[in-house]
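Coordinates in review
Residue-level listing of the chains:
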Amino acid sequence: MSASTVPQPDAAEEIREPAAPEAADRPWRRAVLSGLGIFAASKAGLAAVSTFAWIGEKRPNVTATYVAAQWAAQWDSVWFRDVAKMGYYADPYNAPAAFFPLYPMLIRALTPLCLGKDWVAALLVANVATLGALIVLYRLVEHEFDRSSAGRTVFYLVAFPTGFFLTAAYNEGLFIGLMVATVYCLRRQHWWWAGAFGGLAAFTRSAGILLAGAFVYEYVRVNRLAVRRNALAVLLIPLGVVGVAAVSLHAYHEPFAFLRAQRYWGRHLDWPWAPVWRGFGSLHNGASLRFGFSDLWVHNLLELASVLLIVAMLVLMFVGPWKVRRDQWILPLLGVALTLLMISFPSSHQPYPLYSASRLGLEVFPAFMLLGRLGARPALDRVVLALFLMLQGILAAYFVRGGWVA
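What counts and what doesn't
- Residues numbered from 1 in each chain as written.
- Predicted model: local features only at pLDDT ≥ 70, side-chain atom pairs only at ≥ 80, totals over all residues.
- Heavy atoms only, no water.
- Helix = DSSP H or I, 4+ residues; strand = E, 2+ residues; numbered from the N terminus.
- Rg over C-alpha atoms; globule rule 2.2 N^0.38 Å.
- Buried < 20%, exposed > 50% of the residue type's maximum accessible area, 1.4 Å probe, protein only.
- Contact = heavy atoms within 4.5 Å.
- Areas by Shrake-Rupley, 256 points an atom, 1.4 Å probe, with all protein chains shown as cover.
- Polar contact = N/O pair within 3.5 Å; in protein donor to acceptor, adjacent residues only side chain to side chain.
- Axes fitted to C-alpha atoms, helices over the stretch in contact; angles between N-to-C directions.
- Parallel < 35°, antiparallel > 145°, perpendicular 65-115°, else oblique.
- Left-handed = near helix turned anticlockwise from the far one by under 90°.
- Nonpolar A, V, L, I, M, F, W, Y, C, P; charged D, E, K, R; others polar.
- Core = buried A, V, L, I, M, F, W, Y, C linked by side-chain atoms within 4.5 Å.
- 1 Å grid on protein atoms, 1.4 Å probe; cavity = no way out; pocket = protein on both sides within 12 Å on 5 of 7 lines; lining within 4 Å.
- Points joined across faces, edges and corners; volume = space filled by probe spheres on them.
- Phe/Tyr/Trp six-rings, centres within 6.5 Å; stacked < 30°, edge-to-face > 60°.
- Lys NZ or Arg CZ within 6 Å of the ring centre and 35° of its normal.
- Salt bridge = Lys/Arg side-chain N within 4 Å of Asp/Glu carboxyl O.

Thoughts on the overall build of the protein chain
Across its full length, the protein chain carries 19 helices and 2 strands. Its C-alpha atoms give the protein chain a radius of gyration of 24 Å, near enough to 22 Å, the size a compact globule of 406 residues would have. Along the first, second and third principal axes, the C-alpha set of the protein chain runs to 100 × 50 × 50 Å. A burial count over the protein chain gives 50% of its 406 residues as buried. Residue pairs at least 24 apart in sequence account for 74% of intrachain contacts in the protein chain once pairs closer than 6 positions are excluded. Here the protein chain displays about 19800 Å² of accessible surface, and carbon together with sulfur accounts for 68% of that area.

A word on the environment of Y103
Along the polypeptide, Y103 turns up in helix α6 (residues 102–110). Those residues within four positions of Y103 in sequence are excluded, and the remaining contacts are F80, A122, V125, A126, A169, Y170, N171 and L174. Among the polar contacts listed, one links the side chain of Y103 to the backbone oxygen of A122, at a separation of 2.8 Å.

Concerning the packing of helix α9 (residues 172–187) against helix α10 (residues 191–202)
The N-to-C vectors of α9 and α10 enclose an angle of 160°; their axes lie 8 Å apart at closest approach. As summarised for this structure, α9 and α10 are arranged roughly antiparallel, according to the angle between their axes. The two elements α9 and α10 cross, and the hand of that crossing is left-handed. Between α9, through F175, L178, M179, A181, T182, C185 and L186, and α10, the contact on the second element is made entirely by W191, W193, A194, F197, G198, L200 and A201. Looking at the contact of α9 with α10, its residues break down into 12 nonpolar, 2 polar and no charged.

Overview of the packing of helix α15 (residues 295–316) against helix α18 (residues 365–374)
Two elements in contact, α15 and α18, have axes whose closest approach is 8 Å; the angle formed by their N-to-C orientations is 75°. The pairing of α15 with α18 is recorded here as roughly perpendicular in orientation. Mapping the contact onto sequence places I310, M313, L314 and L316 in α15 and P366, A367, L370, L371 and L374 in α18. Residue classes in the contact of α15 with α18 are distributed as 9 nonpolar, no polar and no charged.

Details of the nonpolar core
One finds W71, Y103, F164, F215 and F365 to be the most contacted residues of the largest nonpolar core, which totals 127 residues. At 16 residues, helix α7 (residues 118–144) tops the list of elements feeding residues into this core.

Things to note about empty space enclosed by the protein
Scanning the model with the defined rule gives 4 cavities of 30 Å³ or more in all. Roughly 50 Å³ of internal volume is contained in the largest cavity. Around the largest cavity, the lining residues are F39, S42, K43, L46, T130, L134, V158, G163, L166, T167 and Q392. Those elements giving two or more residues to the lining of the largest cavity turn out to be α3 (27–52) and α7. No other element matches α3, which puts 4 residues into the lining of the largest cavity.

Observations concerning the packing of aromatic side chains
A complete count under the given rule lists 29 aromatic pairs for this structure. A connected cluster of aromatic rings, assembled from ring pairs, spans W79, F80, Y93, F99, Y103, Y264 and W265. Above the plane of the ring of W28 lies R139, whose end atom (NZ or CZ) is 6.0 Å from the centre.

Some points on the layout of surface pockets
Of the volumes computed, that of the largest pocket is approximately 1100 Å³. Together, 37 residues line the largest pocket, and A98, R205, S206, Q262 and R267 are the ones closest to its centre. Mapped by element, the contributors of at least two residues to the lining of the largest pocket are α5 (76–86), α13 (257–260), α16 (330–343) and α17 (357–360). There is about 300 Å³ of room inside the second largest pocket. Within the residue set of the lining of the second largest pocket, elements represented by two or more residues are α15 and α19 (378–400). A total of 7 residues in the lining of the second largest pocket trace back to one element, the largest contributor, which is α19. Residue classes in the lining of the second largest pocket are distributed as 15 nonpolar, 1 polar and no charged.

Digging into the pattern of salt bridges
Opposite charge on two side chains allows them to pair when their charged atoms are near. The tally for this structure, following the rule as stated, stands at 17 salt bridges. Linking E57 and R401 is a salt bridge whose minimum nitrogen-to-oxygen distance equals 2.7 Å. Of this pair, E57 sits in the loop between α3 and α4 (64–70) while R401 sits in the segment after α19, placing them 344 residues apart in sequence. Judged by its relative accessible area of 40%, R401 falls in the partly exposed class. One salt bridge in this structure joins D76 and R359, with 3.7 Å as the shortest N-O distance. Taken together, the residues span a long stretch of sequence, with D76 in helix α5 and R359 in helix α17 at a distance of 283 residues. For D76, a relative accessible area of 17% puts it in the buried group. Through salt bridges that share partners, E144, R187, E218, R221, R325 and D327 make up one connected network.

Following this line, the structure appears as structure tokens:
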């Protein structure tokens, strides 16, 4: 056979190479870049708000450092910093026990690296944790839905009217990050990682214990009734609560001091619809054309509107054109559990039936995932961002000057 008769490979075959979609796609790189961009944009916006919040101020001591420190000097921030500095000190209600240990421990550990300035350490931990939360949330939403929904979800979270709490010295960002990491690992069937993140979440906030139920649900869905060794990873989640109980026992000689501490704020168990009904009642009784809108009325409006928005998003995850697949039900079910816990413990000492619901609602991240999908409609996206950002600017300026928001 002559050389001219030897079959030659097709040109397309010569250059075709096996595809490597995971290596080329780099989903975590995209999540990091998107999270960093949204994080930087939110900090720039809040820096501007923090600056202009002091317009008209006559005192000469309002420096940039002073303004920055105010983000770690308001309300719960003081409790967290006091626990970090002095430990769980005693008072009539043992109120410090209500602030779970992980965030204060991290503040205490980083304070020496921040030249002894605990407020710097508190803000550093909170903001690094928030950045991590945005990155993991982006990755979770992209894994469950698509890239554009992931970007909108993360942006809506930081733009939410109370999203500035993710910048303040609060543990919201840390808890959201650990919770989202737990769910992401569950969805990828990394059971031991899910248990570890869930345990840290339960060591951060009491709502973290709900992740044990999420773990069981997802494990049974994937494995049916076949129990394997990795099922034991669920025990790491209640271990976080055991750690809190151990800290309480050491400090107050009772393991559940963190439960009794809620009496300081008048927290008590109630039917979940009762605070919502009282919230509507407060709006009806709190405003009139003659007397105008009171501080109480506006606060109750913020709390009630936040709860109603979250509930609406969770309902749409079950019914309608945006409902999630049955294998994704862990998302709305966890959202429902977080919402029920949030509204079922109102305060009898405060005139706000849904006390702090607008801040705690940030933790119901599945609701923001659905909102991120709805935002594919440009008109809705513009309305949501305009409303969220304008309200956050007002509330953040009020908060940084010592006002109570949620």
